[in-house]
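Spelled out, the chains give:
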Amino acid sequence: MMKTYTTTHIVFFSPTHTSAQTARAVGEGIGMGRRIETDLTLDEGLSPIEIRDAVTIIAAPVYGGRIAPTALQRIKRLRGTDAPAILIAVYGNRDYEDALVELRDTAAELGFTPLSAGAFIGEHSYSTAAYPVAAGRPDASDLQKAADFGRASWEKLLAQPDLPPFFVKGNAPYKELKAGQPACPVCTEQCFACGECLEVCPTHAIRLSADGRIETSAGSCIKCCACVKACPNEARVFDNPFAAFLHEHFSARREPELFL
């Protein structure tokens, strides 16, 4: 007898909200009345997160062709039981390489049964007005494709409840993720220390000094640039030569790639 699911559980790590938007659109496509969200973006807890009897959407950003290490660390708190999983990797228009395979393998190790997988595009963390890279994405077209993908995933589950293995593009062993030099956004003279950047930093790398200045630990910064995009005064900047390179070589629009 086929199991009946009545709950969608959405899990995401999403400093600049692109993974969250995509995951929620997938959930809209499934269309269940009961929906639970677990936002791991600011959650540095260590206790396991049990997910049972729910169609689960797990979404995370890509870093260097792999799932962002901080995202993967927090996802590994999940424990799935009777939980078919829709796996979402969101990348900044360059490439997702082995990230989706890594996410699929991790989900399976955590007790989830992979149902489908998709690589979606979100505005690159380094995108700026001067060097836009996938600016404004996911856009309306991306979100519609995400919703359609959610619907198709649900239909697959109804038709194939045993969920046989399926192809996902990528390689294992995964590509080596090389550690970059510590670096972080900095404040310009326009900063008036409102503290908004402190609230959105996933690793709490930003603090207010005793004399009222914003300070950032480069060693703790994961270069997600959530603080840059959230600053109400545009007073946070992250100058790096990679932004210009991305703009020059990866500005052509890429579309989601879906695996069912």
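Above this text sits the structure in question.
A few points on the structure.

Conventions adopted
- Residues numbered from 1 in each chain as written.
- Predicted model: local features only at pLDDT ≥ 70, side-chain atom pairs only at ≥ 80, totals over all residues.
- Heavy atoms only, no water.
- Buried < 20%, exposed > 50% of the residue type's maximum accessible area, 1.4 Å probe, protein only.
- Helix = DSSP H or I, 4+ residues; strand = E, 2+ residues; numbered from the N terminus.
- Pairing = 2+ DSSP bridges.
- Salt bridge = Lys/Arg side-chain N within 4 Å of Asp/Glu carboxyl O.

**Comments concerning the pairing of strand S1 (residues 7–12)**
Look at any regular strand and the pattern is simple: side chains alternate between the two faces of the sheet. Among the six residues in S1, six count as buried, and that is most of the element. In S1, alternate side chains face the same way, and those of Thr-7, His-9 and Val-11 on one face and Thr-8, Ile-10 and Phe-12 on the other are all buried. Across six bridges, S1 lies against strand S2 (residues 34–39) in parallel orientation. The partner of Ile-10 across the bridge, within S2, is Glu-37. Examined bridge by bridge, S1 and strand S4 (residues 55–63) share five bridges and lie parallel to one another. The residue bridging Val-11 from the neighbouring strand is Ile-58, located in S4.

**Observations concerning the pattern of salt bridges**
Taken as a whole and assessed by the stated rule, the structure comprises 22 salt bridges. Among the ionic pairs, Arg-35 bridges to Glu-28, the shortest N-O distance being 3.0 Å. The exposed category is assigned to Glu-28, whose relative accessible area is 52%. The residue Asp-142 makes a salt bridge to Arg-137 at a minimum N-O spacing of 2.7 Å. Each of the two residues, Asp-142 as well as Arg-137, counts as buried.

**What about the pairing of strand S3 (residues 49–52)?**
Of the two faces of S3, the one holding Ile-49 and Ile-51 is buried and the one holding Glu-50 and Arg-52 is not buried anywhere. Looking at chain direction, S3 and strand S6 (residues 78–81) are connected through four bridges and run parallel. Across the sheet, residue Ile-51 finds its bridge partner in S6, namely Gly-80.

**Overview of unusual backbone geometry**
Omega for the peptide link from Arg-137 to Pro-138 comes to 10°, which places this bond in the cis form. Structurally, Pro-138 is set in the loop between strand S8 (113–121) and helix H4 (140–159). Here Ala-172 and Pro-173 are connected by a cis peptide whose omega angle stands at 0°. Here Pro-173 shows up in the loop between H4 and strand S9 (186–187). If you check the backbone angles, His-204 has positive phi at about 50° while not being a glycine. Here His-204 lies in the loop between helix H5 (196–200) and strand S10 (206–208).

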